[in-house]
Amino acid sequence: MARIEGEIVVDRPVEAVFDYVADQSNEPQYNPQMVRAEKITAGPVGAGTRFRSAVASMGRTAGMLIECTGYDRPRRLDSVTTMRQADISYTLTFEPAGAGTRMRWSGQVRPKGAYRLLGPAITWMGRRQERRIWTSLKHRMEASPADTFSQPEP
């Protein structure tokens, strides 16, 4: 099992960062590897919400199902991602950091089949990939007007 952790500070309010990240259908806007993401359950985002997504990886597209397993707005998001190559359990926490938001991530990747042999490489690549994704989120949110990501509380 590979563990991937990190943190970043985004110069936007906690609620705005949480809401934008919680809606996985936004991810293609800041993750260049995400080729599609769609919400497949009805109603507002919360525990039980599911998304069908796909990422481009090594010249192929890998499909995945992401389920929000914990939702404590605006403090914590938990999810489980299921894909052919691995299962991933993930926690994001959000807290005020001055006028911005400190977002921490912690994930456990459980490779399947032959991918289990790649554990150390998955950890190394996963850490780099997550840092790139969340840095891209930071740049996207901070480059846009502050009210772009404001949403009324559900």
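What you are looking at is a predicted structure, and each value in this text was computed from that prediction instead of being measured.

Remarks on the confidence of the model for the protein
This prediction gives the protein a mean pLDDT of 88; 88% of its residues lie at or above 70. Put simply, helix H2 (residues 119-143) is where the protein has its lowest mean pLDDT, 79, and helix H1 (residues 14-22) is where it has its highest, 96.

With respect to H1
Owing to its 3.6 residues per turn, the α-helix aligns residues three or four sequence positions apart on the same side. Counting buried positions along H1 yields eight of nine residues, so the element is predominantly enclosed. Within the sequence span of H1, burial applies to Val 14, Ala 16, Val 17, Phe 18, Asp 19, Tyr 20, Val 21 and Ala 22.

Some details on the nonpolar core
Formed by 36 residues in total, the largest nonpolar core has its most connected members in Val 21, Leu 92, Phe 94, Met 103, Trp 134 and Leu 137. Top contributing element to this core by residue count: H1, with seven residues. Discounting chain neighbours no more than four positions away, the residues touching Leu 137 are Val 10, Tyr 20, Val 21, Tyr 30 and Met 103.

Quick notes on the side chain of Gln 24
On the secondary structure map, Gln 24 appears in the loop between H1 and strand E2 (34-39). The residues contacting Gln 24, other than those within four sequence positions of it, are Ala 37, Phe 51 and Ile 66.

Quick notes on the side chain of Arg 73
Within the secondary structure, Arg 73 is located in the loop between strand E4 (60-72) and strand E5 (76-83). For Arg 73, the side chain forms a polar contact with the side chain of Asp 19, separated by 2.7 Å.

Quick word on the sheet that holds E2
In space, the seven strands of this open sheet follow the order E1-E7-E6-E5-E4-E3-E2, with antiparallel pairing throughout. The sheet is open, and its two borders are formed by strand E1 (2-10) and E2, each paired with just one other strand. Each adjacent strand pair in this sheet contributes to an overall mean axis angle of 20 degrees, direction not counted. Note: E4 against E5, eight bridges, orientation antiparallel. What sits directly across from Met 64, in E5, is Met 83. Against the sheet, H1 makes contact with E1, strand E3 (50-57), E4, E5, strand E6 (86-97) and strand E7 (100-111), and its axis sits at roughly 165 degrees relative to E6, the strand it touches most.

Reading guide: rules and limits
- Residues numbered from 1 in each chain as written.
- Predicted model: local features only at pLDDT ≥ 70, side-chain atom pairs only at ≥ 80, totals over all residues.
- Heavy atoms only, no water.
- pLDDT = per-residue confidence, 0-100.
- Helix = DSSP H or I, 4+ residues; strand = E, 2+ residues; numbered from the N terminus.
- Buried < 20%, exposed > 50% of the residue type's maximum accessible area, 1.4 Å probe, protein only.
- Core = buried A, V, L, I, M, F, W, Y, C linked by side-chain atoms within 4.5 Å.
- Contact = heavy atoms within 4.5 Å.
- Polar contact = N/O pair within 3.5 Å; in protein donor to acceptor, adjacent residues only side chain to side chain.
- Pairing = 2+ DSSP bridges.
- Axes fitted to C-alpha atoms, helices over the stretch in contact; angles between N-to-C directions.

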